[in-house]
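Fold and contact review
Chain by chain, the residues:
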Amino acid sequence: MPVRIPTRRAFLHTAGLASTAFAQTRRPNVIVLLTDDQGYGDLSCHGNPVLKTPALDKLHGESVRFTDFHAAPMCTPTRGQLLSGQDACRNGATSVTAGRAVLRRNLPTMGDAFAGSGYATGVFGKWHVGDNFPYRPMERGFQEAKYFHGWGLSSAPEFDNDYFNGRYQDKGMVKQFSGYCTDFWFDEAMKWMRGRHEKGEPFFCYLPTNTPHGPAWVADKYAAPYQKPGLPANFFGMIANLDENVARLEVFLRQTGLRENTILIYMTDNGGTAGVPVYNAGMRARKTQIYDGGHRVPCFVRWPAGGLRAAGDIRVPAQMQDMLPTLIDLCGLKKPARADFDGTSLAGLLKGGQNTLTDRMLVVQYGQLLKKWDSCVIWGKWRLIRGEELYDFYADAGEQTDLAKQNPAVVKRMRDHYESWWGRVEPGLLEFQPISLGASQVNTAYLSSSDWEEIYCDNVNAVLSAQGGPRGGPWSVLIERDGDYEISLARWPFTRSLPLNAPCPAKNLTAGELPEGKALPIAAARLAIAGQEQSAKTKPGDKAAVFRVTLKGGTKTTLHGWFQDAQGEDVCGAYYASVRRV
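Residues numbered from 1 in each chain as written. Predicted model: local features only at pLDDT ≥ 70, side-chain atom pairs only at ≥ 80, totals over all residues. Heavy atoms only, no water.

Relative orientation of the contacting elements helix α3 (residues 54-62) and helix α9 (residues 233-256) amounts to 55°, with a least axis distance of 7 Å. The orientation of α3 relative to α9 falls into the category oblique. Touching Pro 54, Ala 55, Leu 56, Lys 58 and Glu 62 of α3 are Asp 243, Val 246, Ala 247, Glu 250 and Arg 254, all from α9. In terms of residue class, the contact of α3 with α9 is built from five nonpolar, no polar and five charged. (Axes fitted to C-alpha atoms, helices over the stretch in contact; angles between N-to-C directions. Helix = DSSP H or I, 4+ residues; strand = E, 2+ residues; numbered from the N terminus. Parallel < 35°, antiparallel > 145°, perpendicular 65-115°, else oblique. Contact = heavy atoms within 4.5 Å. Nonpolar A, V, L, I, M, F, W, Y, C, P; charged D, E, K, R; others polar.)

Let us look at the sheet that holds strand β2 (residues 64-66). Strands sit in the order β7-β6-β5-β4-β8-β1-β9-β11-β2-β12 across an open sheet of 10 strands; the sheet is mixed. Each edge of the open sheet carries a strand with a single partner, namely β7 (173-176) and β12 (312-314). Taken pair by pair, the neighbouring strands of this sheet meet at an average axis angle of 20°, ignoring direction. Two strands pair when backbone bridges link them, and strand β4 (residues 120-126) and strand β8 (residues 203-208) are joined in this way by four bridges, in the parallel orientation. Counterpart to Val 123 in the pairing with β8 is Tyr 206. Across the sheet, helix α4 (residues 75-84) lies against β1 (29-35), β4, β8 and β9 (262-268), angled at about 170° from β8, the strand it touches most. (Pairing = 2+ DSSP bridges.)

On to the packing of helix α7 (residues 181-198) against α9, then. Relative to each other, α7 and α9 sit at 15°, their axes nearing to 10 Å. Compared by their axis directions, α7 and α9 come out roughly parallel. Classified by chirality, the crossing of α9 by α7 is right-handed. Along its contact with α7, which presents Thr 182, Asp 183, Phe 186, Asp 187, Met 190, Met 193, Arg 194 and His 197, the element α9 presents Asn 241, Leu 242, Asn 245, Val 246, Arg 248, Leu 249, Phe 252 and Thr 256. Of the residues that constitute the contact of α7 with α9, the class distribution is seven nonpolar, five polar and four charged. (Left-handed = near helix turned anticlockwise from the far one by under 90°.)

Okay, the side chain of Gln 564 next. Structurally, Gln 564 is set in strand β27 (residues 555-564). On the accessibility criterion, Gln 564 (10% relative accessible area) is buried. (Buried < 20%, exposed > 50% of the residue type's maximum accessible area, 1.4 Å probe, protein only.)

Let us now look at α4. Where burial is concerned, most of α4 is hidden: 10 out of the 10 residues are buried. Restricting attention to buried positions, one finds in α4 the residues Cys 75, Thr 76, Pro 77, Thr 78, Arg 79, Gly 80, Gln 81, Leu 82, Leu 83 and Ser 84. One or two steps after α4, the chain reaches Gly 85, where phi turns positive at roughly 75°.

Each aromatic ring pair is specified by the distance between its two centres and by the angle formed by the two planes. For the structure on display, the rule yields 31 aromatic pairs. With 6.5 Å between their ring centres and 55° between their planes, Tyr 168 and Phe 177 make a pair best called tilted. The burial state of Tyr 168 is the same as that of Phe 177; both residues are buried. Residues Tyr 446 and Phe 494 carry aromatic rings whose centres are separated by 6.1 Å and whose planes lie at 65° to one another, so their mutual orientation is edge-to-face. Taken together, the residues span a long stretch of sequence, with Tyr 446 in strand β19 (residues 444-448) and Phe 494 in the loop between β21 (483-490) and β22 (507-508) at a distance of 48 residues. The exposed category is assigned to Tyr 446, whose relative accessible area is 52%. Counting every residue linked through ring pairs, the aromatic cluster contains Phe 114, Tyr 119, Trp 127, Phe 142, Phe 204 and Tyr 206. The ring of Tyr 40 has Arg 296 sitting right over it, with the charged end atom 4.0 Å from the ring centre. The aromatic ring of Trp 492 is capped on one face by Arg 491, whose charged end is 3.8 Å from the ring centroid. (Phe/Tyr/Trp six-rings, centres within 6.5 Å; stacked < 30°, edge-to-face > 60°. Lys NZ or Arg CZ within 6 Å of the ring centre and 35° of its normal.)

In structure tokens, the structure reads:
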């Protein structure tokens with residue numbers, strides 16, 4: 001059993017003459033590897049007849065595997081559930097866009113739990129639970145943070161970024177990386193872990209890759225073995241590259257002596273995508289859907305020195321929300337004071353002290369416009385879909401035979417559970433988490449259409465083709481300090497420095513192309529914020545419409561900007577905005 005250490009101070013008090021470095025090395029290091037859009041069937045160890053994943057297969061063979069493990073059917077809700085231990089409908093991060101892709105303020109995260117117990121914490125890859133203060137990884141417990149904005153490449157905030165030799169955020173500062181993004185994330189994570197190890201610091205490394213999410217851009221050598229009719233060659237190539245990096249990580253852990261006392265957890269963020277037509281492990285549906293094919297994902301846990309049960313399968317329903325309470329138990333972390341988990345610890349199952357959990361039901365639900373019953377309730381072998389369809393998943397993985405009429409008592413009990421659950425989460429579903437404006441920590445805020453309230457406009461194609469309606473949508477904001485604010489509204493990202501009424505030129509990227517963006521007859525702009533409305537004419541060649549307003553600190557409101565033509569007709573929303581207190 002690992003030593004339980006409530007707090008770093010408590011440990012040092014009881015440890016006496018033991019050095020801090022020696023004490024900390026007894027605590028396990030933790031790596032959480034979360035891949036993007038890789039389904040349960042996108043592994044050769046799960047039976048894929050085409051794809052080869054030797055490194056992940058090896059990890060599978062060395063791990064305790066939860067074979068009935070559930071994410072959300074889409075990425076941000078999964079990430080929020082993993083980091084908070086709460087259901088998406090409680091933590092606020094219910095969608096990938098539309099103002100619903102951030103965790104609630106003051107909600108403690110996995111990063112907070114580790115940092116609060118004396119661990120070094122770092123994130124390398126796709127964050128996607130808040131681009132702006134105070135939702136960035138640096139404000140959520142991560143001391144080292146190298147990441148993309150939005151959902152990664154081709155998202156509205158990243159726009160023309162590239163998988164090769166692109167840009168990334170280094171604790172909020174824009175920098176360039178060399179090579180392929182997945183290689184870079186692993187390189188940086190291993191470099192950071194080596195540094196922590198040399199200093200005798202236990203670490204928590206969160207490694208959420210943005211691959212194999214599309215666009216499917218990868219070096220030809222990885223895709224070449226799959227260049228056959230009917231195969232998603234580039235998608236499989238991205239997984240081949242990912243698998244190669246898992247092999248590199250394994251070599252690193254062995255060479256540094258970290259392998260034995262490092263908990264390595266591998267999971268994916270939702271059901272299958274491009275690989276579904278090839279193999280989906282017999283399941284129905286895919287990403288975004290509420291049958292198991294949309295949310296059942298791999299979960300491998302390895303800790304050689306941790307006294308875990310022998311490598312093998314555990315068929316007990318479990319979920320992303322269980323990971324934080326599990327790691328608190330395994331690592332002896334202090335539970336954050338405000339933590340209130342929907343998940344439960346799986347430590348007893350992992351250590352072999354128990355073979356099942358207390359009887360419970362899980363609810364899988366996410367979305368932009370959350371509707372009652374648009375869900376999957378899980379109870380052992382049972383799946384209740386939309387409150388009406390009932391399937392025995394263990395006997396019918398394809399969820400083809402509806403058993404609701406034959407099992408009315410089961411349906412009633414599962415519906416009753418959902419009714420109670422919905423009653424608890426519904427009051428908070430309409431709350432938007434505001435972006436801070438004028439904060440002393442980050443005075444200039446950059447906003448994109450991916451955070452418009454209730455408008456799905458999170459990708460580069462939506463911006464290029466001017467989607468989102470004639471006014472776009474507002475941003476939920478909190479004015480942090482009294483003062484005068486300069487607000488700039490733009491059609492294109494500020495990094496492109498393009499006139500409001502100009503097209504966006506096509507751009508060749510390393511393995512793909514950014515198509516030309518649509519020119520619009522923009523001749524004026526409108527701004528509405530905190531009960532104030534302003535309008536301004538724009539000239540050809542203007543790259544932004546700039547306003548100045550006086551705002552009161554402590555005000556939670558919306559900021560809405562949009563463009564008009566010469567006749568005063570609404571044309572489109574402001575896809576980008578910058579706000580600074582002057």
